[in-house]
Amino acid sequence: MNVSGKYLRIALGATVIAGLIVVPLNFNRYGLFILSQWAVMTIAAMGLNLTLGYAGQVSLAQGAFVGIGAYAAAIMTTQGMPLISALGVAIALCFSVGWMLGYPALRVQHHYLAFVTLAFSTLAFLVFRNEDWLTRGIYGISNIPRPNLFGFATNRPLPFYYVCLGSLGIVSVMLWWLIRSPWGRAFVALRENPVRALSLGIDTRRYTLMAFAIGSALGGVAGTLYAPLTQYIDPVPFNLSLSLDLLMMVIVGGAGFFFGPFLGAMIAVLLPEWLRFAEGYYLMMYAIAVILLLVYSPTGILGILDRYFAERRTKMASALRAAESGPGTAP
């Protein structure tokens, strides 16, 4: 059963990947933009899922790191620098700032930590809006170029969608390896019981800082892709609402589940588009759907599936034990 389940998951994953590659070939410009936005937001949500879902550290600053990455890409690429250089700067900058932001997590927890990260998100937004010499303030930065990769231009929607999808694939593989490494197990131990993790010899201070730093760096990666995707940025998209949207993606999809951000970003980005047939009521329908989901399952969509499969395994194990003990107990 385990072997068949493994092959089923592999087949399902291969089908989804093939669909993401082949199906968009027939999409129009706007459809490709929405799918590209889904890939970008998934990367940002994966970073928050590492910080919140695996390490248990509440953060309302992920949108600010997306903004830092976006402005780094916009400023550097409009000055003629390649996007890969902007990506390196964004990762280094977000990693460093995220590391420093992790220090309050060593002192405060839960909603107190949320207020600290909220203050940083507000500070970052004020910098984006008021420092005209760097960000051009409310006028924003336009004409952001898309990169040439291996001699191929990505200025059209389909090639750049594949850039976003490929970046999501690379980040997914790296994060999959990280979560299943000793680092990932240390993050989970930190989330479950920091005191017990410390008693087992885990350096909780270092892993707390690393959770913030790596999650923030992934936000910078998402921002680096967001700038050439929209080809224009201003401070408005990077206010607190983006951090709240990313938090919702993680929680709705399933915090602490690897594929939670994928589903959460799909709901946050695609569901409003699917509900536009309702015209003025689609936002209300969207909000009600999210509320009902979280009331029914605080652990998100994947939490429902996890409970279902856990109950199924329990019933199968009970039936197997009953079958094995039946002949011995018969008169």
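Cut-offs and rules
- Sequence order as written defines the numbering, with residues in each chain counted from 1.
- pLDDT decides what is reported in this predicted model: residues at 70 or higher carry local features, side-chain atom pairs at 80 or more are listed and counted, and totals for whole chains, interfaces and linings draw on all residues regardless.
- Side-chain measures here rest on the full set of heavy atoms in the structure, leaving out hydrogens and waters.
- Ring pairs shown here join Phe, Tyr and Trp side chains whose ring centres sit within 6.5 Å, with only the six-membered ring taken for Trp; geometry is labelled stacked below 30 degrees between planes, edge-to-face above 60, and tilted in between.
- In this text, helices come from DSSP runs of H or I with a minimum length of four residues, and strands from runs of E with a minimum of two, each type numbered from the N-terminal end.
- Charges are assigned to positions over rings by a cutoff of 6 Å between ring centre and Lys NZ or Arg CZ, combined with an angular limit of 35 degrees from the ring normal.
- Here the term buried applies to any residue with accessible area under 20% of the maximum for its type, exposed to any over 50%, and partly exposed to those in between, with areas from a 1.4 Å probe on protein chains only.

Participant: Please provide a residue-by-residue account of the packing of aromatic side chains, values included.
Facilitator: In this structure the tally under the stated criterion is 15 aromatic pairs. Both rings, one in Trp176 and one in Phe258, keep their centres 4.9 Å apart while their planes meet at 90 degrees; by these two values the pair is edge-to-face. With a gap of 82 residues between them, Trp176 in helix H7 (residues 157-179) and Phe258 in the loop between helix H11 (240-253) and helix H12 (260-274) connect regions that are remote in the sequence. Look at Trp183 and Tyr207: their rings are 5.7 Å apart centre to centre, the planes differ by 80 degrees, and that puts the pair in the edge-to-face class. Pair noted here: Trp183 is in helix H8 (residues 182-192) and Tyr207 is in helix H10 (residues 204-230), with a separation of 24 residues, a long-range link. Taken together, Trp38, Trp176, Phe258, Phe259 and Phe262 form an aromatic cluster joined through their ring pairs. In this arrangement the basic side chain of Arg146 is found over the ring face of Phe160, its NZ or CZ atom lying 4.8 Å from the centre. When the ring centre of Trp183 is taken as origin, the NZ or CZ atom of Arg206, which lies over that ring, is 5.9 Å away.

Participant: Run through unusual backbone geometry, naming residues and quoting values.
Facilitator: For Asn143, which is not glycine, the phi dihedral falls at a positive 55 degrees. Turning to its location among the elements, Asn143 is positioned in the loop between strand E1 (141-142) and strand E2 (148-149). Look at Asn143 and you get exposed, because its relative accessible area is 68%. Here Gln231, not a glycine, exhibits a phi torsion of approximately 60 degrees, which is positive. Along the polypeptide, Gln231 turns up in the loop between H10 and strand E4 (232-233).

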